[in-house]
Amino acid sequence: MTPAEPALAAASTAGAPSAAEDAKVRQTLERTWRNPPGLWGWITSVDHKSIALRYIITALAFFLAAGIQAALMRLQLARPDGHVLSPDRYNQFFTTHGSTMMFLFAVPVMEAMGLFLVPLMIGTRNVAFPRLNAYGYWTYLIGGLFIYVYLFANNGPDAGWFAYVPLSGPEFSPSKRVDVWAQMITFTEIAAIVGAVELIVTAFKQRAPGMSLDRVPLFVWAMVITAFMVLFAMPVVASASMMLAMDRLVHTRFFDVTMGGDAIFWQHLYWFFGHPEVYITFIPGLGIISSIVATFSRRPVFGYTAVVLSMISVAFLSFGLWVHHMFATPLPQLGQTFFTAASAMIAIPTGIQLFCWIATLWSGRPRLEVPLLYVLGFFVIFVLGGMTGLVLASVPADLQVTDTYFVPGHIHYVMLGGMVFPLLGGFHYWFPKATGRLLHEGWARVQFWLLVIGVNVTFFPFFLLALKGMPRRVYTYPAESGWGGLSLVATLGAGLIALSILVFLGNVLWSLRRGRVAAADPWGGETLEWATDSPAPPYNFARLPVVRGRSALWDAGPVHEVTTGLSDHRREVLLTTMLDAVPDVRHTQPSPTVAPLLLALATGVTLVPGIYTAWAFVFGPALAFLALLVWAWPRGAGRAPPEVVEVPR
């Protein structure tokens, strides 16, 4: 790190260089920050945008795979005594479907949105630890491919995405299926924690000069809060899955009741992570909604401080609700009462945020474009899901509907309304910043309405089936049960959802080639990502912006102030103080390297063969040590330092 120069410490300058000077600066920055060409450049990239886009594309691929499994399960259940899937295949599909949606899609895709947008929104050129960021992606990819290779080999996990013991223990699941699930958890939790560290350090130490904590965009706050939740929640499930693997592989007895272990202990550990995980995917959606509401109502979000404190409250309370997943277990009734109260309390901060968004729309000039449509869809679908959550928070009601189709109906309304609708709105909103083109609006509206209708036709019958007594996790049912009609309706609704996703993918592919070219700020947004070109260049900003208000662009005035003093010939970023974002030091970031991929492969060599032999934990770390040597090997020692060039004020 290099102490900030006096010129840099002064932080800002008004005016802009001439066009020729600006073009020269951009060419130099392009050479400094771009990836090497070809496949080697793709493998070695440490740019936050390219890595985040890989996360998003990979997560969408896993989403499609899980969606295909869901479609096959719906076909199996469309009629009584169905024969589309065997019982064993059904168990593998419903386990992999849930695990994929939670561990390989929902959390990674939301973190990826943060990894792409946070550096742009706070006015910096990359995340804090770019090589670590690349390592996180490769680890995530290996973990996802691992479970799907076993699924295609008809050896996928089959004990549910919650892997309750003793079903997942060695007595009832003697094959390697549960071990595969447990190791997949380890891979994805490593990646999630890496992403969380990146977001926290980047948001607190690399904000543009002037962006004090009370000027941080609401989306960035949402990602920071989510990152802290990941740091608290993910180590718990990673530890639990490791303990389960040890019970199975080296005969420990953490969860074996016959040997002094405790099966309920697994549920405590799992749901201490599992319930906050829903909010880990939901809170980024709140940040997306705040960004869209502000832009399309043409005014800052009403109650900025209230929204931030509400998101923090939701995050805090979410760690106190896990027992409402366990009301059917023999827990003390007094304890259940406390968790009922906590479960109901979380509706308060959520309601405050809804009030703030409605007040913003009410007092603004709303433009009913596609991203805002998804916000309105969120209001309807998520509120329905939240109301059914209050039913499950009540012990007497929960005992009546637990293990029925009421629970899948609730979770799908919550996840689709609270996570998928904001995510799709965000895709439409930021698509120009990633690709330089706009999505086709007409097809986007068609996709929206197909999704709204499909979600309700699919999942509302789940509540009616629950009232008729249909249990969840069954691969078929008899004709005399009377569940066939509603199950067929739900399957037809699933077809509408599938059609909606196909329309979205077709729109993306068409727009990438023929979509309308987007300007730097096609929506008139308030945050800094709209201050740079669309798509964003490798260096993000030719000159780092200076922030003078909570709405960085709307408060900037006619002349945008910028920061000078960073080298154009080195990968330098500006570190600022945590509270007030005063320039602190310059920091040179590492160049592209293959070391993150090598380290991720060494992690894979440790964890994948580790379910068969303990020798993997000898060879794997040795390979990891070699990869770390490549990672840390000094480069460029003894060379003359590159010339530092500054743009005249």
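Source: prediction; values computed, not measured. (Residues numbered from 1 in each chain as written. Predicted model: local features only at pLDDT ≥ 70, side-chain atom pairs only at ≥ 80, totals over all residues. Heavy atoms only, no water.)

## Structural notes on the overall build of the chain
Looking only at helices and strands, one finds 19 helices and three strands in the chain. Rg of the C-alpha trace for the chain: 25 Å, near the compact-globule value of 26 Å for 649 residues, within the 12% margin. A sequence separation of at least 24 residues applies to 81% of the contacts in the chain between residues at least 6 apart. Placing the 40 positive and 35 negative side-chain charges of the chain at their respective mean positions leaves the two points 7 Å apart. (Helix = DSSP H or I, 4+ residues; strand = E, 2+ residues; numbered from the N terminus. Rg over C-alpha atoms; globule rule 2.2 N^0.38 Å. Contact = heavy atoms within 4.5 Å. Lys, Arg positive; Asp, Glu negative; His and termini not counted. Charge placed at Lys NZ, Arg CZ, Asp CG, Glu CD.)

## Focus on the packing of helix α9 (residues 263-297) against helix α15 (residues 406-435)
Between two packed helices, the angle of one axis relative to the other and the distance separating the axes together describe the packing. Contact pair α9 / α15: the axes reach a minimum separation of 8 Å and the direction vectors enclose 45 degrees. What the angle tells us is that α9 and α15 run oblique. For α9 against α15, the interelement crossing comes out left-handed. Here Val278, Thr281, Phe282, Gly285, Ile288, Ile289, Ser291, Ile292, Thr295 and Phe296 of α9 come into contact with α15, specifically with Ile411, Val414, Met415, Gly418, Met419, Pro422, Leu423, Gly425, Gly426, Tyr429 and Trp430. The residue inventory of the contact of α9 with α15, partitioned by class, reads 14 nonpolar, seven polar and no charged. (Axes fitted to C-alpha atoms, helices over the stretch in contact; angles between N-to-C directions. Parallel < 35°, antiparallel > 145°, perpendicular 65-115°, else oblique. Left-handed = near helix turned anticlockwise from the far one by under 90°. Nonpolar A, V, L, I, M, F, W, Y, C, P; charged D, E, K, R; others polar.)

## Observations concerning the packing of aromatic side chains
Under the definition given, this model contains 55 aromatic pairs. In this structure an aromatic cluster arises from ring pairing among Phe103, Trp161, Trp181, Phe254, Phe255, Phe265, Trp266, Tyr270, Trp271 and Phe273. For the cation-ring pair, Arg54 lies above Trp42, with the distance from its terminal atom to the ring centre recorded as 4.4 Å. The ring of Tyr304 carries the charged tip of Arg550 above its face, separated from the ring centre by 3.9 Å. (Phe/Tyr/Trp six-rings, centres within 6.5 Å; stacked < 30°, edge-to-face > 60°. Lys NZ or Arg CZ within 6 Å of the ring centre and 35° of its normal.)

## Things to note about the pairing of strand β3 (residues 583-588)
Here five bridges tie strand β2 (residues 572-576) to β3, and the two strands are oriented antiparallel to one another. The residue bridging Thr576 from the neighbouring strand is Pro583, located in β3. As consecutive antiparallel partners, β2 and β3 are separated by six residues, and within that stretch Ala581 has a phi angle of approximately 55 degrees, a positive value. (Pairing = 2+ DSSP bridges.)

## Points about the pattern of salt bridges
Tallied over the entire structure, the rule returns 15 salt bridges. With its nearest N and O atoms 3.3 Å apart, the salt bridge here joins Asp403 to Arg473. Residue Asp403 is located in the loop between α14 (395-401) and α15, and its partner Arg473 is located in the loop between α16 (441-467) and α17 (484-514); the two are separated by 70 residues in the primary sequence. Assessed through its relative accessible area of 42%, Asp403 is described here as partly exposed. Residue Arg473 is classed as partly exposed on the basis of its relative accessible area of 31%. Residues Glu572 and Arg570 are paired through a salt bridge, measuring 2.8 Å at the closest nitrogen-oxygen approach. Arg570 shares its class with Glu572; the two are buried. Linked by salt bridges that have partners in common, Asp22, Arg26 and Asp533 make up one network. (Salt bridge = Lys/Arg side-chain N within 4 Å of Asp/Glu carboxyl O. Buried < 20%, exposed > 50% of the residue type's maximum accessible area, 1.4 Å probe, protein only.)

## Details of empty space enclosed by the protein
This model, assessed by the stated rule, comprises four cavities of 30 Å³ or more. The volume enclosed by the largest cavity comes to roughly 90 Å³. Leu60, Phe63, Leu64, Phe105, Val420, Leu423, Leu424, Phe427, Ile501, Phe504 and Leu505 together form the lining of the largest cavity. Where the lining of the largest cavity is concerned, the elements lending two or more residues are α4 (48-77), α15 and α17. (1 Å grid on protein atoms, 1.4 Å probe; cavity = no way out; pocket = protein on both sides within 12 Å on 5 of 7 lines; lining within 4 Å. Points joined across faces, edges and corners; volume = space filled by probe spheres on them.)

## What about the confidence of the model for the chain?
Averaged over all residues, the pLDDT of the chain is 91; the fraction at 70 or higher stands at 95%. Confidence over residues 2-7 falls short of pLDDT 50; this stretch has 13 contacts with residues more than four positions distant or in other chains. Contacts for the low-pLDDT stretch residues 9-14, under 50 throughout, to residues beyond four places or in other chains number 18 contacts. (pLDDT = per-residue confidence, 0-100.)

## Section: the packing of α4 against helix α5 (residues 87-122)
Following both chains from N to C, one finds α4 and α5 inclined at 155 degrees, their axes separated by 8 Å at the closest point. In terms of orientation, α4 lies roughly antiparallel with respect to α5. Of the two possible hands of crossing, α4 and α5 adopt the one that is left-handed. Taken together, the residues that form the contact of α4 with α5 break down as 27 nonpolar, seven polar and one charged.

## A look at helix α7 (residues 177-205)
End to end, α7 covers 43 Å across 29 residues, agreeing with the expected 42 Å (1.5 Å per residue, within 8%). Of all 29 residues in α7, 24 are buried; the element is thus mostly enclosed. (Expected span 1.5 Å × (residues − 1).)

## Description of the side chain of Glu526
Positionally, Glu526 belongs in the loop between α17 and β2. The contacts of Glu526, once residues within four sequence positions are left out, are Ala294, Thr295, Pro300, Ser551, Ala552, Leu553 and Trp554.

## Looking at the nonpolar core
Judged by nonpolar contacts, the single largest core of 200 residues is most densely connected at Trp266, Tyr270 and Phe378. Considering every element that reaches this core, the biggest residue donor is α5, with 21 residues. Those residues in contact with Tyr270 that lie beyond four places of it in its chain are Phe103, Trp161, Phe162, Trp181 and Val237. Tyr539, Ala542, Leu575 and Val585 belong to the second largest nonpolar core, which has eight residues in total. (Core = buried A, V, L, I, M, F, W, Y, C linked by side-chain atoms within 4.5 Å.)

## Structural notes on helix α18 (residues 595-607)
Note that an α-helix has 3.6 residues per turn; residues three or four places apart therefore point the same way. With 13 residues, α18 should cover 18 Å at 1.5 Å per step; its first-to-last C-alpha distance of 18 Å lies within 8% of that length. Counting buried positions over the 13 residues of α18 gives 10, a clear majority of the element. All of the buried residues along α18 are Ala595, Pro596, Leu597, Leu599, Ala600, Ala602, Thr603, Gly604, Thr606 and Leu607. Among the structural elements, α3 (38-44), α6 (130-152), α7 and α19 (616-632) are those in contact with the buried residues of α18.

## Comments concerning unusual backbone geometry
Of note, the bond from Val165 into Pro166 is cis; its omega dihedral lies within 30 degrees of zero at 10 degrees. One can find Pro166 in the loop between α6 and α7. The omega torsion of the bond from Ser534 to Pro535 falls at -5 degrees, within 30 degrees of zero and hence cis. Structurally, Pro535 can be placed in the loop between α17 and β2. At Ala163, a position not held by glycine, the phi torsion is positive, near 50 degrees. Considering the arrangement of structural elements, one finds Ala163 in the loop between α6 and α7.

## With respect to the environment of Ile280
As for its placement among the helices and strands, Ile280 is situated in helix α9. Linking Ile280 and Ile497, residues 217 residues apart in sequence, is a C-alpha distance of 24 Å. In contact with Ile280, other than residues within four places in its own chain, are Val107, Thr226, Met229, Val230, Ala233 and Met234.

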